[in-house]
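Residues per chain are reported as follows:
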Amino acid sequence: MIEATLVLVKPDGVQRGLIGEIISRFEKRGLKVAALKMVRIDKDFSKEHYADHVGKDFYHGLEEFITSAPVVAMVIEGVNAIENVRKIVGTTEPKAAPLGTIRGDFAHVSYEYADKKKMSIRNLVHASGNKKDADREIGLWFSMEDLHSYEGANDKHVF
Ligand code: CDP
Ligand code: MG
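These figures come from a predicted structure and were not determined experimentally. (Residues numbered from 1 in each chain as written. Chains lettered and ligands numbered in written order. Predicted model: local features only at pLDDT ≥ 70, side-chain atom pairs only at ≥ 80, totals over all residues. Heavy atoms only, no water.)

What follows deals with the sheet that holds strand 2 (residues 32-39). Pairing is antiparallel across the open sheet formed by four strands, whose spatial order is 2-3-1-4. Because the sheet does not close on itself, it has two edges, and the strands there are strand 2 and strand 4 (125-127). Adjacent strand axes in the sheet meet at a mean angle of 20 degrees, parallel and antiparallel pairs treated alike. Pairing analysis gives eight bridges linking strand 1 (residues 2-9) to strand 3 (residues 71-79), with the strands arranged antiparallel. Bridging across to strand 3, Ala4 finds its partner in Glu77. Most of the contacts of helix 2 (residues 19-28) go to strand 2, to which it runs at about 160 degrees, and overall it touches strand 1, strand 2, strand 3 and strand 4. Running over the sheet, helix 5 (residues 81-89) touches strand 1, strand 3 and strand 4 and is turned about 35 degrees from strand 1. (Pairing = 2+ DSSP bridges. Helix = DSSP H or I, 4+ residues; strand = E, 2+ residues; numbered from the N terminus. Axes fitted to C-alpha atoms, helices over the stretch in contact; angles between N-to-C directions. Contact = heavy atoms within 4.5 Å.)

Set out below in structure tokens:
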């Protein structure tokens, strides 16, 4: 039942100084940071990470956006971590994202606006969508020795 999922603070989150705020949302919920690094990815890596989206209308803008500045990549662990993290992150379109979620609290634009401006939706965070994606994405971004297993206070008080 304990899962691991890949989270990225995207370039807008890094450039807006929201790295700490975003990571703390996961920590405060009792989830554990198992790996962490800052990387500037290139277009080839973007195509691997977003393999399912290559060729879609929004892919070109997404690639431009995700390669425009560094991202902070992390592995987050916890009970049903994949679903729980997606819940903390909120829905893809910030306009629709509920308040209390990262995308709902720190962004607001609509698909319509982003499409009109021909830009990618700046929604601060990436989080794996399901178990298969999580396993693939963690393997793409991190090697085994980057993944840390350690005892945290939450192991006693939350799990
Ligand atoms: O990130 P999430 O899993 O919520 O959404 P996705 O459907 O997997 O799309 C990946 C990313 O592409 C989104 O987070 C947006 O940044 C971008 N996107 C966009 O700019 N315009 C769309 N119509 C759909 C996605
Ligand atoms: Mg996705």
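The full set of residues close to ligand 1 is Lys10, Tyr50, His53, Phe58, Leu62, Arg86, Thr92, Arg103, Tyr111, Ser120, Ile121 and Asn123. In this structure, an oxygen atom belonging to ligand 1 sits 2.5 Å away from a side-chain N or O atom of Thr92. In isolation ligand 1 offers 500 Å² of accessible surface; the protein chains occlude 84% of this area. Counting atoms within 2 Å of the grid points, the majority share of ligand 1 lands in the largest pocket. (Near = heavy atom within 4 Å. Polar contact = N/O pair within 3.5 Å; in protein donor to acceptor, adjacent residues only side chain to side chain. Areas by Shrake-Rupley, 256 points an atom, 1.4 Å probe, with all protein chains shown as cover. 1 Å grid on protein atoms, 1.4 Å probe; cavity = no way out; pocket = protein on both sides within 12 Å on 5 of 7 lines; lining within 4 Å. Sits in = over half its atoms within 2 Å of the grid points.)

A few words on the layout of surface pockets. The volume enclosed by the largest pocket comes to roughly 550 Å³. Every residue lining the largest pocket is counted, 25 residues in all, and those nearest its centre are Tyr50, His53, Phe58, Leu62 and Thr92. Sorting the residues of the lining of the largest pocket by element identifies helix 7 (111-116), strand 4 and helix 8 (131-141) as the ones contributing at least two each. Classifying every residue of the lining of the largest pocket gives ten nonpolar, seven polar and eight charged. (Points joined across faces, edges and corners; volume = space filled by probe spheres on them. Nonpolar A, V, L, I, M, F, W, Y, C, P; charged D, E, K, R; others polar.)

The topology assignment puts Thr67 in the loop between helix 4 (59-66) and strand 3. Among the polar contacts listed, one links the side chain of Thr67 to the backbone oxygen of Glu63, at a separation of 2.7 Å. Ignoring any residue separated from it by four or fewer positions in sequence, one finds Thr67 in contact with Arg40, Ile41, Asp42, Lys43 and Ser46.

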